[in-house]
Amino acid sequence: MKAQEKIWMDGKLVPWGDAKIHILTHGFHYGLAVFEGIRAFSTPDGTAIFRLDEHVERFLNSAKIYRLDMGYSAKELAKACVDLVRANPAKECYIRPIAYTGYGEMGINPLTSKVSVGIASWEWGAYLGADSTGKGVRAMVSSWTRIDSRSMPVQAKCTANYANSALAKMEALAGGYDEAILLNTQGMVAEGPGENIFRVKDDVLSTPPASSGILRGITRDTVIQFASDLKLRFYRNDATKEELYTSDEVFFSGTAAGVAKVREIDGRRIGYDGAPITDKMVKLYDGAVHGKLKRYSKWLTPVKP
Ligand code: PMP
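All values derive from a computational prediction rather than experimental measurement.

### Notes on the overall build of the protein chain
Point 1. If you tally the helices and strands in the protein chain, you get seven helices and 17 strands.
Point 2. Dimensions along the principal axes, computed over C-alpha positions, put the protein chain at roughly 55 × 45 × 30 Å.
Point 3. Of all 305 residues assigned to the protein chain, the portion counted as buried reaches 52%.
Point 4. Long-range pairs, those at least 24 residues apart, make up 70% of the contacts in the protein chain with a sequence separation of at least 6.
Point 5. When the accessible surface of the protein chain is summed, it comes to about 14400 Å², and 53% of that surface belongs to carbon and sulfur atoms.
Point 6. Of the charged side chains in the protein chain, 40 are positive and 35 negative; the average position of the first set lies 3 Å away from that of the second.

### Things to note about the site of the ligand
Point 1. The environment of the ligand is made up of 15 residues, and the closest members are Tyr162, Glu191, Ile218, Thr219 and Thr255.
Point 2. Alone, the ligand offers 380 Å² of accessible surface; in the complex the protein occludes 96% of this.
Point 3. In this structure the site holding the ligand corresponds to the largest pocket.
Point 4. Of all the secondary-structure elements, those providing two or more residues to the shell around the ligand are helix H5 (218-229) and strand E14 (249-254).

### Some words on the domain arrangement of the protein chain
Point 1. Splitting the protein chain by domain gives domain 1 (6-122) and domain 2 (130-289).
Point 2. Its C-alpha centre places domain 1 at a distance of 26 Å from the equivalent point of domain 2.
Point 3. On the domain 2 side, the residues contacting the 21 residues of domain 1 number 21 residues.
Point 4. Summed over both sides, the interface of domain 1 with domain 2 buries roughly 1700 Å², with 64% coming from carbon and sulfur.
Point 5. Summed over the shared surface of domain 1 and domain 2, the result is one salt bridge.
Point 6. Measuring nitrogen to oxygen at the nearest pair gives 2.9 Å for the salt bridge that ties Asp221 to Arg51.

### Observations regarding the layout of surface pockets
Point 1. Put simply, the largest pocket is a space of about 520 Å³.
Point 2. In this structure, the largest pocket is lined by 33 residues; those nearest its centre are Lys157, Tyr162, Pro193, Gly194 and Glu195.
Point 3. Looking at the lining of the largest pocket element by element, the count peaks at five residues for helix H4 (residues 161-174).
Point 4. Broken down by class, the residue content of the lining of the largest pocket amounts to 13 nonpolar, 12 polar and eight charged.

### Brief notes about the packing of helix H2 (residues 52-65) against helix H3 (residues 74-87)
Point 1. Put simply, H2 and H3 touch, their axes get as near as 10 Å, and they point 125° apart. Between H2 and H3, the angle is such that the two are oblique. As H2 runs across H3, the sense of the crossing is right-handed. Contact residues: H2 offers Leu52, Asp53, Val56, Phe59 and Leu60, while H3 offers Ala74, Leu77, Ala78, Cys81 and Val82.

### Overview of unusual backbone geometry
Point 1. Positioned with a positive phi, Arg51 is a non-glycine residue whose angle comes to about 55°.
Point 2. Following the sequence through the fold, Arg51 ends up in the loop between strand E5 (46-50) and H2.
Point 3. For Arg51, a relative accessible area of 6% puts it in the buried group.
Point 4. Positive phi is not limited to glycine here, since Arg67 has a value of about 60°.
Point 5. Within the element layout of this structure, Arg67 appears in the loop between H2 and H3.
Point 6. Overall, the relative accessible area of 65% leaves Arg67 in the exposed class.

Reading the values: the criteria
- Residues numbered from 1 in each chain as written.
- Predicted model: local features only at pLDDT ≥ 70, side-chain atom pairs only at ≥ 80, totals over all residues.
- Heavy atoms only, no water.
- Helix = DSSP H or I, 4+ residues; strand = E, 2+ residues; numbered from the N terminus.
- Buried < 20%, exposed > 50% of the residue type's maximum accessible area, 1.4 Å probe, protein only.
- Contact = heavy atoms within 4.5 Å.
- Areas by Shrake-Rupley, 256 points an atom, 1.4 Å probe, with all protein chains shown as cover.
- Lys, Arg positive; Asp, Glu negative; His and termini not counted.
- Charge placed at Lys NZ, Arg CZ, Asp CG, Glu CD.
- Near = heavy atom within 4 Å.
- 1 Å grid on protein atoms, 1.4 Å probe; cavity = no way out; pocket = protein on both sides within 12 Å on 5 of 7 lines; lining within 4 Å.
- Sits in = over half its atoms within 2 Å of the grid points.
- Domains from an automatic or database assignment.
- Buried area = accessible area lost by both parts, 1.4 Å probe.
- Salt bridge = Lys/Arg side-chain N within 4 Å of Asp/Glu carboxyl O.
- Points joined across faces, edges and corners; volume = space filled by probe spheres on them.
- Nonpolar A, V, L, I, M, F, W, Y, C, P; charged D, E, K, R; others polar.
- Axes fitted to C-alpha atoms, helices over the stretch in contact; angles between N-to-C directions.
- Parallel < 35°, antiparallel > 145°, perpendicular 65-115°, else oblique.
- Left-handed = near helix turned anticlockwise from the far one by under 90°.

Rendered as structure tokens:
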């Protein structure tokens, strides 16, 4: 990671190297931290943050689910993200707000700890590599089951959830794959460790519903909007892993990964005739985030100097 200049910590922009927390930070021990992943892109009008308000809203909702009171409004958090991107040299970056139970008290009860908030940004290329928009990545169905909302609130983007994601990711990498696909406790397709998943069969696009235990992704929502604008047939429905194997196209969606084509799952090649709908989504997403499509400029928050 290339160091940037500033990190936003509890209301102030501090030098990158000074953004440190104590070893006894409560959230570090008990998994009580909620976070976001946002991206800023270069556009013809300068750097802009993609769907900032939706990310801030999800950030506040994650905190609400865990009873964490950040003490900042949506407007203040959005401004903090803009101020940070403006203060750092990168023209395109990933932005990571995180709210966590801070230093002072230990023990599982988080309510005695003050909530701290930090926001960092750094340059981050395509999360699943260059193949993700070219020939596609190779995925495996994980032996780990996606966490269930009866045990953990899956709609909260809590760091604790990512122990489950990390187990699946490590297993995929150890098996020589690029990414994992997690099934839910019903054995139906849920999502990737940090991405939602879509499939195309006979020109019909579909993705698992929120009730399948996924994180409701903002990129997923973007793709759904594209599908509507393209007048594609689209459904939110459950799929088995066999239905993925026999799909014409499969792709992941996520802020880090973008729209990422999948070319193989568990050794089965996906589709044989290219991936025209995925290619369209890749192109539309690239156009929207880079401010090349007027229709989607409402999703861009400019970072003016
Ligand atoms: N699922 C999980 C588990 C994730 O961590 C992410 C990344 N935030 C996503 C899906 C995709 O969400 P988004 O498109 O909002 O980045």
